[in-house]
Amino acid sequence: MRPEGFGADPAGERMARIRRSPNFADGTFQNPVGARTRPSGSMADFAKGYFRKEDRARRFPEGTVPVHATTVADLAKPPASGLRLTWMGHSGVLAEIDGARVLFDPVWGERCSPFSFAGPKRLHPVPLPLAALGPVDVVVISHDHYDHLDLPTIKALAGTETVFAVPLGVGAHLERWGVPAARLRELDWNETTEVAGIRLTATPARHFCGRGMRNQQHTLWASWAVSGPEHRIYHSGDTGYFPGFKDIGAGHGPFDATMIQIGAYSEYWPDIHMTPAEGVRAHLDLQGGKPGGVLLPIHWGTFNLALHPWAEPGEWTRDAAGEAGQAVALPRAGEPFEPSGKLPSEPWWRAVSPEIARPWRSAEGSDSTPAAPSGLGLAEEQHS
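What this report covers is the structure whose coordinates are included nearby. (Residues numbered from 1 in each chain as written. Predicted model: local features only at pLDDT ≥ 70, side-chain atom pairs only at ≥ 80, totals over all residues. Heavy atoms only, no water.)

Notes on helix H1 (residues 12-20)
Listed in full, the buried residues belonging to H1 are Arg-14, Met-15 and Ile-18. Buried residues of H1, viewed axially, fall in a sector of 95 degrees; they line one side. In this structure, H1 carries Gly-12, Glu-13, Arg-19 and Arg-20 as exposed residues pointing more than 90 degrees from its buried face. Considering only its buried residues, H1 is in contact with strand S1 (24-25), strand S2 (28-29), helix H6 (171-176) and strand S8 (184-187). (Buried < 20%, exposed > 50% of the residue type's maximum accessible area, 1.4 Å probe, protein only. Helix = DSSP H or I, 4+ residues; strand = E, 2+ residues; numbered from the N terminus. Arc of directions from axis to C-beta. Contact = heavy atoms within 4.5 Å.)

Structural notes on the pairing of S8
Note: strand S7 (residues 163-167) against S8, four bridges, orientation parallel. Paired with Val-166 across the two strands is Glu-186, which belongs to S8. Handedness of the S7-H6-S8 crossover: right-handed. (Pairing = 2+ DSSP bridges. Right-handed = clockwise from strand over helix to strand, strands pointing away.)

Quick notes on the nonpolar core
One finds Val-102, Phe-104, Leu-200, Trp-224, Ile-233 and Leu-296 to be the most contacted residues of the largest nonpolar core, which totals 71 residues. Considering every element that reaches this core, the biggest residue donor is helix H8 (residues 276-286), with five residues. Of all hydrophobic cores here, the second largest spans 23 residues; its members include Leu-103, Trp-108, Val-136 and Ile-154. (Core = buried A, V, L, I, M, F, W, Y, C linked by side-chain atoms within 4.5 Å.)

Some thoughts on the packing of H8 against helix H9 (residues 312-324)
Between H8 and H9, whose axes approach to 8 Å, the crossing angle comes to 45 degrees. What the angle tells us is that H8 and H9 run oblique. Crossing of H8 against H9: the hand is right-handed. Residues Pro-276, Ala-277, Val-280 and Leu-284 of H8 touch H9, and the partners they reach there are Pro-313, Trp-316, Thr-317, Ala-320, Ala-321 and Ala-324. Counted by class, the contact of H8 with H9 contains nine nonpolar, one polar and no charged residues. (Axes fitted to C-alpha atoms, helices over the stretch in contact; angles between N-to-C directions. Parallel < 35°, antiparallel > 145°, perpendicular 65-115°, else oblique. Left-handed = near helix turned anticlockwise from the far one by under 90°. Nonpolar A, V, L, I, M, F, W, Y, C, P; charged D, E, K, R; others polar.)

So yeah, pure geometry; function would need other evidence.
As structure tokens, then:
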């Protein structure tokens, strides 16, 4: 009776392995540091921010969001440097690294929802059809929320030969959707697998999990460090800021490029999503405390999942990186770039963005007024 979009709960030996995990205690997976996963603050203020007409208008683009037009042709040429990244929108990134092709958190579905008829709808088309992407060596999933683990995308990929690297417990969903167990690499934090000559390590993150009507916290969430013979990259998944970025950088970095979540932040959700300033700080931590490599902002622009203005994450990340002296790539969806080459830097969102009324910095030098409550939290909680 459980709807297919809800996936499946871990059971049997998978659940036994979960119970043996050092990150599982008192019946649930635990965060590396404490984190509130439920809304905090006044629900009356929350509702005001959600329904205020002028604020709602700013949460959507004013025109057609530009998408890179020649993705298929561009990807047909191998990267000259051995490392190329293509942001596919939201948290989805194709990383071509040292001869391997890694696809992070692919979402080709029209909605990030368990249902085809309801839920947040994408604000721009996918840059290319999934079938046109070509062979992928490994699909990496950060956690099982709907905007990262997408049923139609996984079912389409299940018919290929790709391997799936996922956090502990997430394999239960994939097996229900047709992925053979032999093609699953299910990892706890700090465990590593090797695929196509590259090493993938599940690293800690500060977030939560859950699909379906119950949220038992029986599937893990993770960030990922990926290394090849010549290059290293990092994908944050969803996470709040925490001191563990320094440890991840010390153990697996420095990185040629990081893909960092900088959207869906809120004063109501301060522990489970990073602001742009925190995203830049996390990148610097991963690089040993100083600017280095390239930061690719992710988790913004594709779905209306937050109450902050639609383009604010991109604008503020650009400002925060500039203040820190950190190189940042700002591609349109589907625009490949090589971190060692010329970086896309045009603020393309301005042509279709309502005015961002709030300044980046206050007079005191701190982040300006906190964002309104995160719509992503609403989406995650109501479907959990």
